[in-house]
Amino acid sequence: MFHGYLPMIVAGLGVTLSVASVSLLVACVFGLMGAVAKQSASPFLRGVANAYTTVVRSLPDLLLMLGVFYGGQILLNRLADARGWGYIEINPFAAGTLTLGFVFGAYLTETFRGAILAVPRGQIEAGYACGLTRLQVLTSITLPQMIRHAIPGFTNNWLVLVKATALISVVGLQDMMFKAKQASDATREPFTYYLAVAGLYLLVTSVSLLLLRLLGLVIAADEDLVWSRVLEPAETMPGAVAV
């Protein structure tokens, strides 16, 4: 039925998962920075974060990927020529992961921002009352508390990101879609191979949903640990009153 091409497509699954995982890490970095910037007292940082989320979410993912891969390569080589360097070629894996991470960082910015706003203001003020610095409040109260609120939006973005990895095949990265196209061109049976890829994507998203739901339950069950971390510094401070 698959004429021996199924193992090749399954091997492409590893590339797809690698791209999705690395892109997610990049997106989380951009998302956290964007969310913190949007909550900043600096008008400049808020303006940059708002421009980032507005522009990126308004442009097609494929357009951004092609722009980074081809436009970035042209720009780098012009700079290289000006400095007398050799030809620079952008790695398709790097271009794909950075572009997807940059794009989905804009979506995660809004997810993380909403999660931060969901943290009760009284808990943050209690942290300041215990003598914590702004950074300690962020790392000990805000970020641990926001995770529980961010899980639903994070799950949705991850599922969309996994599906968006199919776009990287246009820059020559040999993921599942690239392998399926090779098999369909060789056998003239595109439906068979694209249906197999659809089944693999469904498997990945189903397992992801299950794991993220379990993660949400674990985080909700361990919520009391956040307060133990908040109160711990107060107990070590002379004259501090525990709340």
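Everything below is about the structure shown above.
Remember, predicted model here, so these are calculated numbers, not experimental data.

Points about the environment of Val103
Position of Val103 among the secondary structure elements: in helix H4 (residues 92–118). The exposure class of Val103 is buried, given its relative accessible area of 1%. Between the C-alpha atoms of Val103 and Val55, which are 48 residues apart in sequence, the distance is 9.7 Å. With residues up to four places along the chain from it excluded, the contact list for Val103 reads Val56, Asp61 and Leu64.

Concerning a nonpolar patch on the surface
Together, Leu203, Val207, Leu210, Leu211, Leu214 and Leu217 make up an exposed nonpolar region whose accessible area comes to about 580 Å². Relative to the helices and strands, Leu211 resides in helix H8 (residues 190–221).

Points about the nonpolar core
Counting residues in hydrophobic clusters, the biggest one holds 48 residues, and the most contacted among them are Leu100, Phe104, Phe112, Met146, Phe154 and Trp158. Listed by contribution, the elements that provide at least two residues to this core are helix H1 (6–38), helix H2 (43–58), helix H3 (61–83), H4, helix H6 (134–164), helix H7 (176–187) and H8. Counting residues per element, this core draws most heavily on H6, at ten residues. Apart from residues no more than four positions distant in its own chain, Trp158 is found in contact with Ala20, Ser21, Leu24, Ser208 and Leu212.

Rules behind the numbers
Residues numbered from 1 in each chain as written. Predicted model: local features only at pLDDT ≥ 70, side-chain atom pairs only at ≥ 80, totals over all residues. Heavy atoms only, no water. Helix = DSSP H or I, 4+ residues; strand = E, 2+ residues; numbered from the N terminus. Buried < 20%, exposed > 50% of the residue type's maximum accessible area, 1.4 Å probe, protein only. Contact = heavy atoms within 4.5 Å. Patch = residues over 30% accessible without salt bridge, like charges linked within 9 Å, V, L, I, M, F, W, Y side chains within 5 Å. Areas by Shrake-Rupley, 256 points an atom, 1.4 Å probe, with all protein chains shown as cover. Salt bridge = Lys/Arg side-chain N within 4 Å of Asp/Glu carboxyl O. Core = buried A, V, L, I, M, F, W, Y, C linked by side-chain atoms within 4.5 Å.

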